[in-house]
Amino acid sequence: MKTLLTATAVALLAGAPAALAQSDDTSPDAVGPMVTEDKIDTQTFITTVPNANEFEIQSSKLAEEKSASDDVKDFARQMIEDHTKAGNDFKAAMSQGQTTASIKPAGPRLQPKEQQMLGELKSASGKDFDAKYIKMQTDAHKDTVALFSTYAKSGDDPAMKEFAKKELPVLKMHEKHVKELAVAHQR
């Protein structure tokens, strides 16, 4: 269970970057712009990951406080732990990257879409909060797995490509766990 939760956290970390991956989700809860190419460039990957990670941490901190369900709170705690680790792993990969020296990752500041989603979570409570949080995590993980999978296959920086490959199994586990939460919390 801990491994599954760890994977879920990393997936959430990558939630925002995933927004750049292929997706046919046009709902207002979608994480951000989608990239339809079969390749993600290093700059896009590097500038997206920190924002996504911060969203995962902040939204999961809200879930720890506001969720009505122990399983959602457990998931959120694991997301915070895993995304903190993934953030550190990302920084290490950046320092080893061959093409990353001139690229400055976006800081932990959230993009407007992520700020809007956090606002929605802040105004929700109880089962409504759980439903919104689970939906946002589900969408983010779908996109994040696509983003990391694409970069792991086609990325041009060896260190960042290795980071993506290393995080991908964890992200897939997060995606699986959040889908299980969605089933458990169907209305």
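Computed from a prediction, not measured in an experiment: that's the story for all the values here. (Residues numbered from 1 in each chain as written. Predicted model: local features only at pLDDT ≥ 70, side-chain atom pairs only at ≥ 80, totals over all residues. Heavy atoms only, no water.)

Caption draft 1: Examining the environment of Lys165 more closely. Note on placement: Lys165 falls in helix α7 (residues 158-184). For Lys165 and Ala152, which are 13 residues apart along the polypeptide, the C-alpha to C-alpha distance reads 5.2 Å. (Helix = DSSP H or I, 4+ residues; strand = E, 2+ residues; numbered from the N terminus.)

Caption draft 2: View of the side chain of Asp130. Mapped onto the fold, Asp130 is located in helix α6 (residues 126-154). No salt bridge is formed by the buried Asp130. Its closest oppositely charged neighbour is Lys127, at 8.0 Å. (Buried < 20%, exposed > 50% of the residue type's maximum accessible area, 1.4 Å probe, protein only. Lys, Arg positive; Asp, Glu negative; His and termini not counted. Salt bridge = Lys/Arg side-chain N within 4 Å of Asp/Glu carboxyl O.)

Caption draft 3: Region of interest: the pattern of salt bridges. This model, assessed by the stated rule, comprises 5 salt bridges. The salt bridge involving Asp74 is made with Arg77; its shortest N-O contact spans 2.5 Å. Remark: Arg77 and Asp74 occur in helix α4 (residues 70-96); sequence separation between them is 3 residues, near one turn of the helix. Judged by its relative accessible area of 41%, Arg77 is partly exposed. Its salt-bridge partner being Asp89, residue Lys166 comes within 3.2 Å of it at the nearest N-O pair. Of this pair, Lys166 sits in helix α7 while Asp89 sits in helix α4, and the two are 77 residues apart along the sequence. With a relative accessible area of 17%, Asp89 lands in the buried category.

Caption draft 4: Just the packing of aromatic side chains, in detail. The final tally for this structure, using the stated rule, is 7 aromatic pairs. Judged by centre distance (5.0 Å) and plane angle (65 degrees), the rings of Phe45 and Phe148 are edge-to-face. A residue pair is termed long-range when its members are at least 10 positions apart, and Phe45 in helix α3 (residues 42-66) and Phe148 in helix α6 qualify at 103 residues. Phe148 carries the same exposure label as Phe45, and that label is buried. (Phe/Tyr/Trp six-rings, centres within 6.5 Å; stacked < 30°, edge-to-face > 60°.)

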